[in-house]
Amino acid sequence: MGDMTANKNTSGDNVKIKIIQNGAERKECYDEFTPPDGGARSWLVMLGSFFCNGILFGVINSYSILYKSFHDNLEKQNVTDATSKAALIGSLAMGTVFFVSPVSGVLTDFAGIRTTTFMGGLIASTGMLLSSFCVDNVVALYFTYGIMYGLGGALAYTPSLAVLGHYFKKKLGLVNGLVTAGSSAFTITMPYLISIFLEQFGIEWTLRIIALMSSFIMLFAFLFKPVNPTLKFKKVSLKDAFNVSLFRNQKYVIYATIVALSLCGYFVPYVYMVAFVHKVFGEQVDAKLAVSCIGIASGFGRLVFGFIGDHPKINRIFLQQLSFLVIGISTILLPSSGDSYGLLIVLLLFLGLFDGCFISILGPIAFDICGAAGATQAIGFLLGLCAIPLTVGPYIAGLIYESTDSYTLSFVLAGIPPVIGSVAMFLTRCVKADSKAVDPSSEMLNQRFDESTVTEQTSPGEEERPL
């Protein structure tokens, strides 16, 4: 970006700036409210987002525990392809979360963060409750567990990340790390809790307990009030809320496409880890520990890399490349653990650590490339692109296992896309982010301000982060 200055007029508390870039005057735009970066309300919002992420992804990431119950039910009914069909239930939930995220991003901008999150919690908990009444019907589970829970998760997940940008700026990377660590914390404990519930109450009541937990998201939604006291918005149509300018941002398009293609095998270890451990090391080994190790390392990685990613000299996209490389290599090497359970744990710790890196900087990279005005929908569209590979990956891995009776080829093929993606992401350095997407003067943002309530004032520029 070239040299940029701002002409200043002040009157009242609201903000209007006239940007001069490379000697040419650009049209007037409205400055965004500076996030407080702290305070009781901010930390409560972070805590609510932490639990939303934890509940949603703690359940999804622990699917390998429920997978065994669904798989056994299908085998008792003599259902063909029981392995791949049972896996599809969980991968549909993950895939739907990502597939619906673009809609969630638009709906968040249109209906509001709190409303969208509340709807998500309602749909997710209802879907899980309905699943408890159809545990022997795989087609019904595709809809109730896979699609409904995934839909609710999408509507809650995107705004729970977007709201953080309203309360944090300088600490955004660290806060994203803390929030996304919620899913890690729940992934550590959820396998053991679900196992206890299954043993004590059976699959039906286990799903009902999970439904109750998911309903808490509706309560956390009331915390997510956007902070913007100086600006008033006028009502916009759903058509106006759709931010098409994102697709003119070549850097974002390249980045999002590479991330999506890199995630083809991302969910495979989460679905098959328990079955893999039992097959290779026997039933006497604590397979739940393997899933928990991913969660522990991922939580640590989200905190560490969230903090590292906040440093102004750090290129977050480079961190993303590094994370994909390590995730891919670790996944490829999983079958080589052979009879060494310790080696398997080490590989899972590496996989989890850099999974945490990938997750914690996903939101901040969207803010870096598309700016605060476009970040919500940028996150949503990115997750939407990831839906198909995330859904199809575990299903294909199941088909491969059924034909080979081994998880080796499934894990190797699952690890190749992120390795390729880590190299392909160098393409993002060939283009620059579109200034209209990075700058708060995007047309969509300007349309939302009621000009009769705004007077002129200036806002100082900020140091630019390396992209």
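Our subject is the structure listed above.
Residues numbered from 1 in each chain as written. Predicted model: local features only at pLDDT ≥ 70, side-chain atom pairs only at ≥ 80, totals over all residues. Heavy atoms only, no water.

## Re the overall build of the chain
Stage number 1. What the chain contains, in helices and strands, is 19 helices and 3 strands.
Stage number 2. Across the 467 residues of the chain, 58% fall into the buried class.
Stage number 3. For the chain, contacts bridging at least 24 residues in sequence account for 84% of all contacts bridging at least 6. (Helix = DSSP H or I, 4+ residues; strand = E, 2+ residues; numbered from the N terminus. Buried < 20%, exposed > 50% of the residue type's maximum accessible area, 1.4 Å probe, protein only. Contact = heavy atoms within 4.5 Å.)

## What about the packing of aromatic side chains?
Stage number 1. Throughout the structure, instances matching the rule amount to 24 aromatic pairs.
Stage number 2. Look at phenylalanine 70 and tyrosine 145: their rings are 6.0 Å apart centre to centre, the planes differ by 85°, and that puts the pair in the edge-to-face class. One end of the pair, phenylalanine 70, is in helix 2 (residues 63-76); the other, tyrosine 145, is in helix 6 (residues 138-162), and 75 residues separate them in sequence. Exposure class is identical for phenylalanine 70 and tyrosine 145. Each is buried.
Stage number 3. With 6.0 Å between their ring centres and 85° between their planes, phenylalanine 276 and tyrosine 407 make a pair best called edge-to-face. Linking phenylalanine 276 in helix 11 (residues 268-281) with tyrosine 407 in the loop between helix 16 (387-404) and helix 17 (408-424), this pair joins segments that are 131 residues apart in sequence.
Stage number 4. In this structure, arginine 208 is placed above the aromatic ring of tryptophan 205, and the distance from its NZ or CZ to the ring centre is 4.7 Å. (Phe/Tyr/Trp six-rings, centres within 6.5 Å; stacked < 30°, edge-to-face > 60°. Lys NZ or Arg CZ within 6 Å of the ring centre and 35° of its normal.)

## Observations concerning the pattern of salt bridges
Stage number 1. Scanning all chains against the criterion turns up 5 salt bridges.
Stage number 2. With its nearest N and O atoms 3.3 Å apart, the salt bridge here joins aspartate 355 to arginine 302. Pair noted here: aspartate 355 is in helix 14 (residues 341-360) and arginine 302 is in helix 12 (residues 287-309), with a separation of 53 residues, a long-range link.
Stage number 3. The exposure class assigned to aspartate 355 is buried, which follows from its relative accessible area of 1%.
Stage number 4. Judged by its relative accessible area of 4%, arginine 302 falls in the buried class. (Salt bridge = Lys/Arg side-chain N within 4 Å of Asp/Glu carboxyl O.)

## Some remarks on the packing of helix 5 (residues 113-131) against helix 6
Stage number 1. Contact geometry for helix 5 and helix 6: axes closest at 7 Å, N-to-C directions at 160°. Between helix 5 and helix 6, the angle is such that the two are roughly antiparallel. Of the two possible hands of crossing, helix 5 and helix 6 adopt the one that is left-handed.
Stage number 2. Along the lines of polarity and charge, the residues of the contact of helix 5 with helix 6 split into 14 nonpolar, 10 polar and no charged. (Axes fitted to C-alpha atoms, helices over the stretch in contact; angles between N-to-C directions. Parallel < 35°, antiparallel > 145°, perpendicular 65-115°, else oblique. Left-handed = near helix turned anticlockwise from the far one by under 90°. Nonpolar A, V, L, I, M, F, W, Y, C, P; charged D, E, K, R; others polar.)

## What to know about helix 2
Stage number 1. Between its terminal C-alpha atoms helix 2 stretches 20 Å, which fits the 20 Å expected from 14 residues at 1.5 Å a residue.
Stage number 2. In terms of burial, helix 2 is a largely internal element, 10 of the 14 residues being buried.
Stage number 3. Taken residue by residue, helix 2 has Tyr63, Ser64, Ile65, Leu66, Tyr67, Ser69, Phe70, His71, Asn73 and Leu74 as its buried positions.
Stage number 4. Directly beyond the C-terminal end of helix 2, a positive phi value near 60° is found at asparagine 78. (Expected span 1.5 Å × (residues − 1).)

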